[in-house]
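Report on the structure
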Amino acid sequence: MTDAVIFDFSGTLFRLDEDDSWFDGVTRDDGSPLDGHHVAELMRRMTAPVGEVVEFDDVTRHAWQNRDLDPALHRQAYLHVLHQSGVIGVGQAESVYGRVVDPSCWTPYPDTADVLKSLASASVPVAVLSNIAFDIRPAFEALGIDRFVTEFVLSYEIGVVKPNPEIFLHATQKLGIDPSRTLMVGDSEEADGAATAIGCSFALVEPLPTADRPTALRDALARHGL
């Protein structure tokens, strides 16, 4: 039986669906504009939950490995990714990075609001748990759905990142529900699936563009009796 649900943020409840205007005036290192393929690859690198997406030296690797614990390291790491991905100029990289850390630029999946509302109506407590270095609460507040989230568990605020089991334990303790009665929903087997180490159930959703994934959250909950 499932008495509580923990959701990942990026690729699960919201996605960074790029807008073409974000890349106006942004050029590659050869001076050419970014094409659709390059933009798609750039966004993949900026939102990949695990792994190394470009080459790093010791300093930038430290920033990358600890990016979700400290906003300054997050900025350093992603500016390095942008530069290594061919985005030239400090101003261009800063402009793109600014979109990444702006909650208003993140798009909710079509069923996000309805799922959170229905769980609240059923008195099922919900946590949003994310490896992240900026406050995502405004994204929920803008939709009027923050009141349906019992707890926000953000890595940079508590000093622990997935897949460390401690972050999932922290979330279940905040919800006051035993892990064995808690479902973790996320888009990464490695990062989010680690919740099973403390006894949680796990449901995988694909981090597809929001328009291409209309009911995955509802479907995941239904498979677990919710």
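Residues numbered from 1 in each chain as written. Predicted model: local features only at pLDDT ≥ 70, side-chain atom pairs only at ≥ 80, totals over all residues. Heavy atoms only, no water.

As recorded by an unreviewed UniProt entry, the protein carries the name Haloacid dehalogenase and is attributed to Rhodococcoides kyotonense.

Looking at the secondary structure, you find Lys162 in the loop between helix 7 (155-158) and helix 8 (165-175). Here the side chain of Lys162 touches Asp8 through a polar contact of 2.9 Å, side chain to side chain. Here Asp192 takes part through its side chain, which lies 2.6 Å from a polar atom of the side chain of Lys162. What Lys162 contacts, discounting residues up to four positions off in sequence, is Asp8, Leu129, Ser130, Asn131, Ile167, Phe168, Ala191 and Asp192. (Helix = DSSP H or I, 4+ residues; strand = E, 2+ residues; numbered from the N terminus. Polar contact = N/O pair within 3.5 Å; in protein donor to acceptor, adjacent residues only side chain to side chain. Contact = heavy atoms within 4.5 Å.)

Another aspect to go through is unusual backbone geometry. Cis peptide bonds are those with omega within 30 degrees of zero, and the linkage from Lys162 to Pro163 qualifies with 10 degrees. Even without glycine at this site, Ser123 takes up a positive phi of about 60 degrees. Here Ser123 shows up in the loop between helix 5 (112-121) and strand 4 (126-130).

Here strand 4 runs beside strand 5 (residues 151-154); their pairing, made up of 4 bridges, is parallel. What sits directly across from Val128, in strand 5, is Phe152. You can see the chain leave strand 4, run along helix 6 (residues 137-143) and come back into strand 5, and the turn it takes is right-handed. (Pairing = 2+ DSSP bridges. Right-handed = clockwise from strand over helix to strand, strands pointing away.)

Take the domain arrangement of the protein next. As assigned here, the protein comprises domain 1 (4-15 + 106-224) and domain 2 (20-103). Each partner contributes residues to the interface: domain 1 has 17 residues there, and domain 2 has 14 residues. At the boundary of domain 1 with domain 2, total buried surface from both sides reaches about 1200 Å², with 65% on carbon and sulfur atoms. Per-residue buried area on domain 1 facing domain 2 is highest for Trp106, Ala133 and Phe134; these three make up 42% of the total on that side. The interface formed by domain 1 and domain 2 includes 0 salt bridges. For the pair domain 1 and domain 2, the interface holds 4 residue pairs in polar contact (both at pLDDT 80 or more). For the side of domain 1 that touches domain 2, the elements supplying multiple residues, two or more each, are helix 6 and helix 7. Each residue belonging to the side of domain 1 that touches domain 2 can be placed in one class, and the counts come to 10 nonpolar, 5 polar and 2 charged. (Domains from an automatic or database assignment. Buried area = accessible area lost by both parts, 1.4 Å probe. Salt bridge = Lys/Arg side-chain N within 4 Å of Asp/Glu carboxyl O. Nonpolar A, V, L, I, M, F, W, Y, C, P; charged D, E, K, R; others polar.)

This paragraph deals with the pattern of salt bridges. Within this structure, the stated rule accounts for 8 salt bridges. With a closest N to O distance of 2.4 Å, Arg181 and Asp3 form a salt bridge. Taken together, the residues span a long stretch of sequence, with Arg181 in the loop between helix 8 and strand 6 (182-186) and Asp3 in the segment before strand 1 (4-7) at a distance of 178 residues. The partner of Asp192 in a salt bridge is Lys162, and the shortest N-O contact between them spans 2.6 Å. Of this pair, Asp192 sits in the loop between strand 6 and strand 7 (201-204) while Lys162 is found in the loop between helix 7 and helix 8, placing the two residues 30 residues apart along the sequence. For Asp192, a relative accessible area of 1% gives the class buried. A residue is classified by how much of its surface remains accessible, and Lys162, at 7% relative accessible area, is buried. The network of salt bridges with common partners includes Asp8, Lys162 and Asp192. (Buried < 20%, exposed > 50% of the residue type's maximum accessible area, 1.4 Å probe, protein only.)

Moving on: the packing of helix 5 against helix 9 (residues 216-223). Look at helix 5 against helix 9: their axes get within 8 Å of each other, and the N-to-C directions meet at 35 degrees. On helix 9, the residues touching Thr112, Asp114, Val115 and Leu119 of helix 5 are Leu217, Arg218 and Leu221. Its residues assigned to classes, the contact of helix 5 with helix 9 comprises 4 nonpolar, 1 polar and 2 charged. (Axes fitted to C-alpha atoms, helices over the stretch in contact; angles between N-to-C directions.)

With that out of the way, let us pick up the nonpolar core. Membership of the largest hydrophobic core comes to 54 residues, with the highest contact counts inside it found for Phe7, Leu82, Ile136, Phe140 and Val185. Sort the elements by how many residues they give to this core and helix 3 (residues 71-84) lands first, with 6 residues. Residues lining this core come from more than one domain, with at least three contributed by each of domain 1 (4-15 + 106-224) and domain 2 (20-103). Leave out the neighbours within four places in its chain, and Val185 touches Val5, Ile6, Phe7, Asp8, Thr12, Ala203, Val205, Leu217 and Leu221. (Core = buried A, V, L, I, M, F, W, Y, C linked by side-chain atoms within 4.5 Å.)

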